[in-house]
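Structure assessment
So the chains spell out like this:
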Amino acid sequence: EQLYALGALNDRGELTKRGRRMAEFPMDPQLSKMLLASETEGVSSEVLSIAAMLQIGASVFYRPKERALHADAARANFRASAGDHLTLLNVWERWRETDFSAQWCYDNFVQVRSMRKARDLREQLAQLMERVEIEHRSDPANIDGICKAVTAGFFYHTARWQATLEYRTVKHPQTVHIHPSSVLAGDAHPRWVVYHELVFTSKEYMRQLVEIKPQWLVELAPHFYKTEDV
């Protein structure tokens, strides 16, 4: 169902041209679709970095008990109001600006081993982007474009803030919560979000999410969302 919704399969269950391009990337099809969409938005370089960072999971930061306050302050320096994907991009860009310094990672409570893995993944993905002829374009100020590319890949993972003071997923309604580690956790409660994954501990938590505009869902996935859905 998700592959069809992403445009990777046609009505006969065969790979489409888009699906063949997506299949070149050895990762979840949502991430592949996100990369393809990033070219249209003119932010393929930024989304490439985000895709690599998402694949190292929740292992970007560490928080030693004896220096918890320092770690929290360092992490806050990377915070992007649009959400976690942009926060991860901030971490990557600042590390790149230091020429991938291990000392910078230690100073900012960032896992150097995880970041090196992200760098390797990014290099591999960059080569694959060239193979499928995705043009490398950069526009770091285009926050909406970056969030729209994320939405193009993860529109299936959409949740909306309810009058009942909880989030509900849109297409297959279930109650979900923003993970406490998210930069969007707190009292603001953005009305519409797209998340990378759900993790279950004591509750069903959305992890790695961005705030979106609901009209993007109809624009980017008209086969999946109708105006009345949003």
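Report follows, based on the coordinates. All figures in this text were calculated on a predicted structure; none of them were measured in a lab.

Another point: the overall build of the protein chain. Helix and strand counts for the protein chain come out as ten helices and five strands. Relative to the 2.2 N^0.38 estimate, which gives 17 Å for 230 residues, the radius of gyration of the protein chain is 18 Å and therefore close to what a compact globule would have. By principal-axis analysis of the C-alpha atoms, the protein chain measures approximately 55 × 50 × 30 Å. Counting the 230 residues in the protein chain, one finds 49% classified as buried. By sequence separation, contacts in the protein chain at least 24 residues apart represent 63% of the contacts at least 6 residues apart. With the model as given, the accessible surface of the protein chain reaches about 11,800 Å², and the carbon-plus-sulfur share is 46%.

Once that is clear, we can look at unusual backbone geometry. Backbone geometry places F109, a non-glycine residue, at a positive phi of 55°. Mapped onto the secondary structure, F109 falls in the loop between α7 (102-107) and α8 (112-131). Unlike most non-glycine residues, H189 shows phi in positive territory, near 55°. Inspection of the secondary structure puts H189 in the loop between β3 (175-178) and β4 (192-200). Accessibility expressed as a relative area gives 31% for H189, which makes it partly exposed.

What follows is about the pairing of strand β1 (residues 158-161). Of the strand pairs in this sheet, β1 and β4 are connected by three bridges, and their pairing is antiparallel. By the bridge assignment, A159 is partnered in β4 with V193. Taken together, the three bridges between β1 and strand β2 (residues 167-169) define a ladder with antiparallel strand orientation. Among the inter-strand pairings, R160 is bridged to a residue of β2, identified as R168. Counting the residues in the hairpin turn of β1 and β2 gives five residues, including L165, whose phi is positive at 65°.

A few words now on the sheet that holds β1. Within the closed barrel, the five strands sit side by side as β1-β2-β3-β5-β4. Their pairing is mixed. Shown here is a sheet whose adjacent strand axes are inclined to one another by a mean of 50°, direction ignored. Pairing between β2 and β3: two bridges, direction antiparallel. Following the sheet pairing, R168 is matched in β3 by T175. Sheet strands touched by helix α6 (residues 84-97): β4 and β5 (204-211). Its angle to β5, the strand with the most contacts, is close to 70°. Contacting β1, β4 and β5, helix α9 (residues 143-154) runs over the sheet at an angle of about 55° to β4.

This brings us to the nonpolar core. Counting residues in each nonpolar core, the largest one holds 60 residues, and the members touching the most others are F25, M34, M53, V60, V91, V110 and M115. Mapped onto this core, the elements with two or more residues apiece are α3 (29-41), α4 (44-54), α6, α7, α8, α9, β4 and α10 (215-220). The greatest single-element share of this core, amounting to eight residues, is contributed by α8. If you look at the next biggest cluster of nonpolar residues, it comprises eleven residues, including Y167, V176, V193 and L209.

One pass over the structure, following the stated rule, counts eleven aromatic pairs. Ring centres of F61 and F78 lie 6.0 Å apart, and the angle between their planes is 40°; on these two criteria the pair is classed as tilted. Of this pair, F61 sits in the loop between α4 and α5 (68-76) while F78 sits in the loop between α5 and α6, and the two are 17 residues apart along the sequence. Of the aromatic side chains, those joined through ring pairs into one cluster are F155, Y156, F224 and Y225. We note R119 situated over the ring of F100; from NZ or CZ to the ring centre the distance is 5.1 Å. Over the aromatic face of Y225 sits the side chain of K171, whose NZ or CZ is 5.7 Å from the ring centroid.

Cut-offs and rules
- Residues numbered from 1 in each chain as written.
- Predicted model: local features only at pLDDT ≥ 70, side-chain atom pairs only at ≥ 80, totals over all residues.
- Heavy atoms only, no water.
- Helix = DSSP H or I, 4+ residues; strand = E, 2+ residues; numbered from the N terminus.
- Rg over C-alpha atoms; globule rule 2.2 N^0.38 Å.
- Buried < 20%, exposed > 50% of the residue type's maximum accessible area, 1.4 Å probe, protein only.
- Contact = heavy atoms within 4.5 Å.
- Areas by Shrake-Rupley, 256 points an atom, 1.4 Å probe, with all protein chains shown as cover.
- Pairing = 2+ DSSP bridges.
- Axes fitted to C-alpha atoms, helices over the stretch in contact; angles between N-to-C directions.
- Core = buried A, V, L, I, M, F, W, Y, C linked by side-chain atoms within 4.5 Å.
- Phe/Tyr/Trp six-rings, centres within 6.5 Å; stacked < 30°, edge-to-face > 60°.
- Lys NZ or Arg CZ within 6 Å of the ring centre and 35° of its normal.

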